[in-house]
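# Structural features, examined
Now for the letters of each chain:
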Amino acid sequence: MDLETVADELYGLRPEEFTAARDARAAAARKAGDQPLAERIKALRRPSLAAWASNLLVRAEPDEVPPLIRLGEGLRQAHRGMDGPRLRELSRQQHVLVDALSRQAWRLAADAGHAISEDARREVEQTLHAVLADERAARTWAEGRLTRPLDAPTGFDAVLRDVGPREEPAEPPREPRARREPRKRDTAADERRRARLARARQEAQKADRARRERADEAAGADERAEEAAGRVREAERHLAELAKEQQSAAERRREARSAEREARDAAQAADRAAREAASRAEKASALLDRLSAKDPDHRDGEGDDD
């Protein structure tokens, strides 16, 4: 048993099966004497529904992994080179592919018995955008072991949307003096737009950090709820066993009471029979005494025997 094998197995399970299976593998490692492995297994986090759906997509549709990764490589290269036409073409492919894959993840989750919500589907889309934007995110996603949705770098999609259709020449032609003032105003507008964009990015980063914190809290609460549900199931099992024991004890008590009644009835019958036998013996003795009193020869005969 090793961590990679166990993790690959656990993150292929349905969410409600994860915690019990993880604890069982940790217990097995502990029993085998490998306490460090047991602790690493126990530290594995139960995936959120969106993360599980993303993992399911990777595991059930492995042929869809390379095209998305290649598209992400092309987008990042075009982004770095500010290749407008290439960015626009790849951006169109991005929207089509992300939409198709998120729909497929939704269908796979529904077929597996967990139809995810619209919010969870958006988190799957967010993960796919992160795969396109970041090489490390792509590698993590391709392993199929996510515990929570991935986040794309702030502003990546905005850059793709804002790419213009023209490339400015290295040395723009000199403009007449009459047109220089509008250029200054345009520059000032650009400065203001960049400032607004910077503030928006800061706000987006702050909101994203808050969202991740809430997601972590929700994941922790979800895991604690699953553990509590496990304790409830164990208590219910124990109560069922106690109910069976109580039913068995009640049956034994009924049988004992029945045996007691039968024994008492038998004792009373035996007592009546004994009394009747004693009465008959007493009557027979009295009759013998009377007969003996009326027969003197019988008394003399008794003396002759000596």
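Computed from a predicted model, the values in this text were never measured in an experiment. (Residues numbered from 1 in each chain as written. Predicted model: local features only at pLDDT ≥ 70, side-chain atom pairs only at ≥ 80, totals over all residues. Heavy atoms only, no water.)

In terms of helices and strands, the protein carries eleven helices and zero strands. Ordering the α and β elements of the protein from the N terminus gives α-α-α-α-α-α-α-α-α-α-α. Taken across its 306 residues, the protein has 25% of its residues classed as buried. In the protein, the proportion of contacts linking residues at least 24 apart, taken out of those at least 6 apart, comes to 71%. In the form shown here, the protein has an accessible surface area of approximately 20,700 Å², with 50% of it arising from carbon and sulfur atoms. (Helix = DSSP H or I, 4+ residues; strand = E, 2+ residues; numbered from the N terminus. Buried < 20%, exposed > 50% of the residue type's maximum accessible area, 1.4 Å probe, protein only. Contact = heavy atoms within 4.5 Å. Areas by Shrake-Rupley, 256 points an atom, 1.4 Å probe, with all protein chains shown as cover.)

Once that is clear, we can look at helix H5 (residues 65-81). A rise of 1.5 Å per residue sets the reference length of H5, with its 17 residues, at 24 Å; its end C-alpha atoms lie 25 Å apart and thus fit the reference within 8%. Where H5 is concerned, the buried positions are Val-65, Leu-68, Leu-71, Gly-72, Gly-74, Leu-75, Arg-76 and Ala-78. Met-82 lies just past H5 and shows a positive phi near 50°. (Expected span 1.5 Å × (residues − 1).)

On to the packing of helix H7 (residues 118-133) against helix H8 (residues 135-142). The interhelical angle for the contact between H7 and H8, taken along N-to-C directions, is 125°, at an axis separation of 6 Å. Here H7 is positioned oblique relative to H8, judged by the angle of their axes. Mapping the contact onto sequence places Thr-127, Leu-128, Ala-130, Val-131 and Ala-133 in H7 and Glu-135, Ala-137, Ala-138 and Trp-141 in H8. (Axes fitted to C-alpha atoms, helices over the stretch in contact; angles between N-to-C directions. Parallel < 35°, antiparallel > 145°, perpendicular 65-115°, else oblique.)

Owing to its 3.6 residues per turn, the α-helix aligns residues three or four sequence positions apart on the same side. Between its first and last C-alpha atoms helix H6 (residues 84-111) spans 40 Å; for 28 residues at 1.5 Å apiece the expected length is 40 Å, and the two agree. Immediately downstream of H6, the backbone of Gly-113 shows phi near 100°, a positive value.

Relative to the helices and strands, Thr-127 is located in helix H7. In this structure Thr-127 touches Ser-54, Trp-141, Leu-146, Pro-149 and Leu-150, once residues within four positions along its chain are discounted.

So, about the confidence of the model for the protein. Do not read the fine detail of predicted coordinates wherever pLDDT is low. Taken as a whole, the protein shows an average pLDDT of 79; of its residues, 73% reach a score of 70 or greater. Every residue in residues 158-185 is under pLDDT 50, and counting partners more than four places away or in other chains gives 15 contacts. (pLDDT = per-residue confidence, 0-100.)

Attention now moves to the pattern of salt bridges. If you walk through the whole model with that rule in mind, you get 17 salt bridges. Ionic contacts of the salt-bridge type, sharing partners, join the residues Asp-99, Arg-103, Arg-121 and Glu-125 into one network. (Salt bridge = Lys/Arg side-chain N within 4 Å of Asp/Glu carboxyl O.)

Attention shifts here to the nonpolar core. Judged by nonpolar contacts, the single largest core of 32 residues is most densely connected at Leu-57, Leu-68, Val-124, Leu-128 and Trp-141. Elements supplying a minimum of two residues to this core: helix H4 (49-60), H5, H6, H7 and H8. For this core, the element with the highest residue contribution is H6, accounting for eight residues. Setting aside residues no more than four positions away along its own chain, Leu-68 makes contact with Leu-97, Leu-101, Leu-128, Val-131, Leu-132 and Trp-141. (Core = buried A, V, L, I, M, F, W, Y, C linked by side-chain atoms within 4.5 Å.)

Now for the packing of helix H2 (residues 15-31) against helix H3 (residues 35-42). The description of two packed helices rests on the angle between their axes and on the distance between the axes. At a closest axis distance of 7 Å, the pairing of H2 and H3 adopts a crossing angle of 170°. If you check the angle between H2 and H3, you find them roughly antiparallel. Where H2 abuts H3, its residues Arg-22, Asp-23, Arg-25, Ala-26, Ala-29 and Arg-30 lie against Gln-35, Leu-37, Ala-38, Ile-41 and Lys-42. Per-class residue counts for the contact of H2 with H3 are five nonpolar, one polar and five charged. (Nonpolar A, V, L, I, M, F, W, Y, C, P; charged D, E, K, R; others polar.)

Moving on: the environment of Arg-76. Its place among the elements puts Arg-76 in helix H5. Judged by its relative accessible area of 13%, Arg-76 is buried. C-alpha separation for the pair Arg-76 and Asp-134, spaced 58 residues apart in sequence, amounts to 8.1 Å.

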